[in-house]
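The residues making up each chain are set out below.
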Amino acid sequence: MRFLSRRLVMPSDLNYANSLFGGRALEWIDEEAAIYAICQLDTNVLVTKHIGEISFESPALQGDIVEFGLATKKVGRSSITVTCMVRNKVTKKTICVADDIVFVKVDPETRLPVPHGKTLKELEQFNKSLFKD
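Model, not experiment: these values are computed from the prediction.

Draft legend 1. Inspection of the overall build of the protein at higher detail. A tally of helices and strands in the protein yields 2 helices and 6 strands. Sequence-ordered secondary structure for the protein, helices as α and strands as β, is β-α-β-β-β-β-β-α. Taken over C-alpha atoms, the radius of gyration comes to 16 Å for the protein, in line with the 14 Å a tight globule of 133 residues would show. A principal-axis box enclosing the C-alpha atoms of the protein has dimensions of 45 × 40 × 20 Å. Per-residue burial over the protein gives 39% buried out of 133 residues. The long-range share in the protein, meaning contacts at least 24 apart out of those at least 6 apart in sequence, stands at 65%. Looking at the protein as shown, the accessible area adds up to about 7,800 Å², and 53% of this sits on carbon and sulfur atoms. Here the protein contributes 18 positive and 17 negative side-chain charges, whose respective centroids are spaced 5 Å apart.

In C-alpha cells form, the structure reads like this:
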C-alpha cells in the first residue's frame with residue numbers, strides 16, 4: 001500500500017470529543033480514493049458506487065497529520081475496487097480503514113456504466129514502474 005496524500009486535522013474537523021469527526025474522515029476517504037481511481041483508470045468520469053466495511057481504530061486529534069494509503073483490490077469491466085487506510089503520519093497508528101470502495105466509469109451523457117479498458121495486471125505493472133524504490 002502506498003501512502004500518497006496527507007491532511008492536517010484542523011479545529012473544524014473535530015467532533016464533540018475533540019477528535020476527528022468520522023464523517024469528515026469518510027469525506028476525505030471518498031475524495032482520496034476517487035483521485036486514486038481517476039489516476040489509475042485515466043478518466044475523471046467516475047462515480048462512487050459502494051463503500052464496504054469501515055473500521056475506526058484510533059482517534060486523530062487536532063494538529064495531527066494523517067496520511068492516506070490506497071491500493072487496488074479488483075478491476076472489473078467498468079469498475080475499480082480500492083481499499084484505503086488512514087493513519088497518523090508520525091506514530092503510524094491506524095486511524096481508520098475503508099474496504100471495498102467501488103468506483104464505476106460512466107458515460108458523461110447517459111450516466112450508464114461503460115468499460116474503462118484497464119486490467120488489474122496492467123495497473124500493477126504501471127504502479128511498479130511509477131513507484132520504483
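That covers the picture; the talk isn't over yet.
Draft legend 2. Spatial organisation of unusual backbone geometry. Within the chain, Asp42 stands out as a residue other than glycine whose phi angle is a positive 60°. One non-glycine residue, Arg111, lies in positive phi territory at about 65°. As for its placement among the helices and strands, Arg111 is situated in the loop between strand E6 (94-105) and helix H2 (120-130).

Draft legend 3. Quick peek at the side chain of Glu67. Positionally, Glu67 belongs in strand E4 (residues 65-75). Among the polar contacts made by the side chain of Glu67, one reaches the side chain of Arg87 at a distance of 2.6 Å. In this structure Glu67 touches Phe3, Ser5, Arg6, Met85, Val86, Arg87, Lys89 and Lys92, once residues within four positions along its chain are discounted.

Draft legend 4. Expanded view of the packing of aromatic side chains. Taken as a whole and judged by the stated rule, the model has 1 aromatic pair. Between the aromatic rings of Trp28 and Phe68, the centroid separation amounts to 6.3 Å while the plane-to-plane angle is 80°, which identifies the pairing as edge-to-face. Of this pair, Trp28 sits in helix H1 (residues 22-41) while Phe68 sits in strand E4; the two residues are 40 residues apart in sequence, bridging distant segments of the chain. The residue whose ring lies beneath Arg87 is Phe3, and the NZ or CZ to ring-centre distance is 3.5 Å.

Draft legend 5. Highlighting the pattern of salt bridges. Summed over the entire model, instances satisfying the criterion amount to 9 salt bridges. Among the ionic pairs, Arg24 bridges to Glu27, the shortest N-O distance being 3.0 Å. A residue pair is termed a helical-turn pair when its members lie 3 or 4 positions apart in one helix, as Arg24 and Glu27 do in helix H1 at 3 residues. Judged by its relative accessible area of 23%, Arg24 is partly exposed. For Asp100, the salt bridge is made with Lys73, and the minimal N-O distance between the two is 2.8 Å. Taken together, the positions of Asp100 in strand E6 and Lys73 in strand E4 put the pair 27 residues apart, joining distant regions of the chain.

Draft legend 6. How the structure looks around H1. With 20 residues, H1 should cover 28 Å at 1.5 Å per step; its first-to-last C-alpha distance of 28 Å lies within 8% of that length. Restricting attention to buried positions, one finds in H1 the residues Ala25, Trp28, Ile29, Glu32, Ala33, Ala34, Tyr36, Ala37, Gln40 and Leu41. Of the residues trailing H1, Asp42 is marked for its positive phi of about 60°.

What counts, and where the lines are drawn
- Residues numbered from 1 in each chain as written.
- Predicted model: local features only at pLDDT ≥ 70, side-chain atom pairs only at ≥ 80, totals over all residues.
- Heavy atoms only, no water.
- Helix = DSSP H or I, 4+ residues; strand = E, 2+ residues; numbered from the N terminus.
- Rg over C-alpha atoms; globule rule 2.2 N^0.38 Å.
- Buried < 20%, exposed > 50% of the residue type's maximum accessible area, 1.4 Å probe, protein only.
- Contact = heavy atoms within 4.5 Å.
- Areas by Shrake-Rupley, 256 points an atom, 1.4 Å probe, with all protein chains shown as cover.
- Lys, Arg positive; Asp, Glu negative; His and termini not counted.
- Charge placed at Lys NZ, Arg CZ, Asp CG, Glu CD.
- Polar contact = N/O pair within 3.5 Å; in protein donor to acceptor, adjacent residues only side chain to side chain.
- Phe/Tyr/Trp six-rings, centres within 6.5 Å; stacked < 30°, edge-to-face > 60°.
- Lys NZ or Arg CZ within 6 Å of the ring centre and 35° of its normal.
- Salt bridge = Lys/Arg side-chain N within 4 Å of Asp/Glu carboxyl O.
- Expected span 1.5 Å × (residues − 1).

All quantities given are derived from atomic positions and should not be read as evidence of function.
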